[in-house]
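# Observations on chain architecture
Okay, here's what each chain looks like letter by letter:
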Amino acid sequence: MPRLLLLPPTEFGPVIDPRDCELSRSLIADVTLSLCRSRLYDVVAPFTAQQLRDSAVAEQAIPFDYVVRISLVGRDAPLPFSLLRIDIGDARTGESLHQGEMELRTGNMIGLHQGLSSVVVDRICGRIAREELLRYRRTGAASAYVHYLLAMRRGDRTDLPSLQLAQKSLARSIQLAPDFVPALSELARTKTLEWLERGSADRALLKEATHLAERGHRYDPLDSSSLREIGHAALYQHDLASALAHFDAALELAPNHADLLVDQADVLTHMSRHVEAETLITRALALNPLAPDDYYWIGGAVSFFRERYQEAIDRLTAMRSPGLALRLLAASAAMNGDADDARRYRDLALKRDPSFTVSKWTSLYPEPNQSDTAHYLRALRMAGFS
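Just so it is clear, the structure is predicted and the values come from calculations on it, not from any experiment. Every residue gets a number counted from 1 within its own chain, in the order that chain's sequence is written. It should be noted that, the model being predicted, local features are given only for residues of pLDDT at least 70 and side-chain atom pairs only at 80 or more, the latter also being counted only at that level, while totals for whole chains, interfaces and linings use all residues. Where side-chain values are given, they derive from all heavy atoms of the structure, hydrogens and water being excluded.

## Some details on the pairing of strand S5 (residues 81–90)
Think of it in three bands: residues with accessible area under 20% of the maximum for their type are buried, residues over 50% are exposed, and the middle band is partly exposed, with areas taken using a 1.4 Å probe on protein chains only. Here a helix means four or more residues in a row that DSSP labels H or I, a strand means two or more in a row labelled E, and each is numbered from the N terminus. Among the 10 residues of S5, eight are classified as buried, and the element is accordingly described as predominantly covered. The pairing of strand S4 (residues 66–75) with S5 spans 10 bridges and is classified as antiparallel. Note that in S5 the partner of Val-73 across the bridge is Leu-83. Pairs of strands are assigned from DSSP output, requiring at least two bridges between the strands. Hairpin connection, S5 to strand S6 (residues 96–104): the antiparallel pair is bridged by five residues, and Gly-94 has positive phi, about 80 degrees.

Here it is as structure tokens:
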């Protein structure tokens, strides 16, 4: 299948409103995720696209066939505004397939989403892709969509304060448009992530996440994000069969969504289906090669349970902020015979969460088969956890 790369906007001109920069980046990421629904092409995930823009990684390091470059240009008129300049190119021939401009108006963000998505599929993939995309129903008032975009900066979801900040924007979005499915699904995700961050035996946050995602699914049964979040919450409520069923259903609707592939790999790992999980992780990393931390965390778990401890360490140390994965890193180092590293990672894990115990882990997290559980607990104890 042809592969698409949508690069985040570059900004030109001193009169650009910083808020326009933030909104435009979130808009392009959301357009990219909606294009992942197609069965006719692959899409490089927005997280990797952002790394290409922000780091020294060359575009040539990522394989793609078509590229969408977007510039945000300020216009100094009686009322200043910003333009999105769009250039769609064939990376194989260097040919420009489309050049155009769209005004970035806060009150027309939904229209911009639909217009930009249609331009991309029209110029690259044609009628079938356009009809598939039309199934992606986006409802909600314009201001609700803006609040949703402001909450969508994934790189900011690294701690409780940033999660709670995103929740405020999402709650406001839902208050303005109670049937706005993307905001309901995203708020559900932040509730599950908050539960993981808190490490509490109280599963009220997971139940709240399930309720929000089920509400979104009732509004739009063809929305993959709602199904994904029902599965995500079910995983940590120890309902592995339900989690897998919902992830499978979500992937039917969005087969090239890298984040969904990772989620499915996660639940397969908890079900001790590690070879299948590895296949999905490999596919996800192909779509999102400059991946966010959770890819490497879940990939590290797959490697650990396959007894590929050095591979697990390599994946886990690729994380920008290991956080909760420090325990797995300590366990992997212990099983790999690296006692000093295991002790160092254990100390970092306990500094982050002094209340952690092995018995606490067994009570909170989904349990794979008994041999996998014994394998991990033995490794934790070898690393020095009590």
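## Focus: helix H8 (residues 204–219)
The terminal C-alpha atoms of H8, which comprises 16 residues, lie 23 Å apart, in line with the 22 Å expected from a rise of 1.5 Å per residue. Any two residues having at least one pair of non-hydrogen atoms within 4.5 Å are treated as being in contact. For H8, the secondary structure elements touched by its buried residues are helix H7 (181–198) and helix H9 (224–236). One less than the number of residues in a helix, times 1.5 Å, gives the span that helix is expected to have.

## Let's talk about the packing of helix H1 (residues 18–35) against helix H3 (residues 109–124)
Throughout, an axis means a line fitted to C-alpha atoms (over the contacting stretch in the case of helices), and angles, computed between N-to-C directions, take values from 0 to 180 degrees. Their axes nearest at 10 Å, the elements H1 and H3 cross at an angle of 50 degrees. One way to sum up the angle between H1 and H3 is to call them oblique. Pair H1 / H3 crosses with right-handed handedness. Residues Leu-23, Leu-27, Ile-28, Asp-30, Val-31, Ser-34 and Leu-35 of H1 form the contact with H3, whose participating residues are Met-109, Leu-112, His-113, Leu-116, Ser-117, Val-120 and Val-121. Classes in brief: Ala, Val, Leu, Ile, Met, Phe, Trp, Tyr, Cys and Pro nonpolar; Asp, Glu, Lys and Arg charged; the others, Gly included, polar. Of the residues belonging to the contact of H1 with H3, the class tally is 10 nonpolar, three polar and one charged. Roughly parallel here means an angle under 35 degrees, roughly antiparallel means over 145, roughly perpendicular means 65 to 115, and every remaining angle is called oblique. If you view the pair so one helix is near and one far, a crossing is left-handed when the near helix is turned anticlockwise from the far one by less than a right angle, and right-handed when it is turned clockwise.

## Focus: the side chain of Ser-185
Mapped onto the elements, Ser-185 comes out in helix H7. Judged by its relative accessible area of 2%, Ser-185 falls in the buried class. Dropping the residues within four chain positions of it, Ser-185 is found in contact with Asp-223, Ser-225, Ser-226 and Glu-229.

## Quick word on the pattern of salt bridges
When a carboxyl oxygen of Asp or Glu is within 4 Å of a side-chain nitrogen of Lys or Arg, the pair counts as a salt bridge. Applying the stated criterion across every chain yields a total of 18 salt bridges. Residues Arg-283 and Asp-42 are paired through a salt bridge, measuring 3.0 Å at the closest nitrogen-oxygen approach. One end of the pair, Arg-283, is in helix H12 (residues 274–287); the other, Asp-42, is in strand S3 (residues 42–43), and 241 residues separate them in sequence. By relative accessible area, Arg-283 is classed as partly exposed at 26%. The salt bridge involving Arg-315 is made with Glu-278; its shortest N-O contact spans 2.8 Å. Here Arg-315 is found in helix H14 (residues 309–316), whereas its partner Glu-278 is found in helix H12, with 37 residues between them in sequence. Of the residues examined, Arg-315 reaches a relative accessible area of 13% and is grouped as buried. Given a relative accessible area of 12%, Glu-278 falls into the buried group. Among the charged side chains, a salt-bridge network with shared partners connects Arg-189, Arg-228, Glu-229 and Asp-263.

## Focus: the pairing of S6
Here S5 runs beside S6; their pairing, made up of eight bridges, is antiparallel. Bridge pairing links Leu-83 to Glu-103 in S6.

Nothing here speaks to function; it is all geometry.
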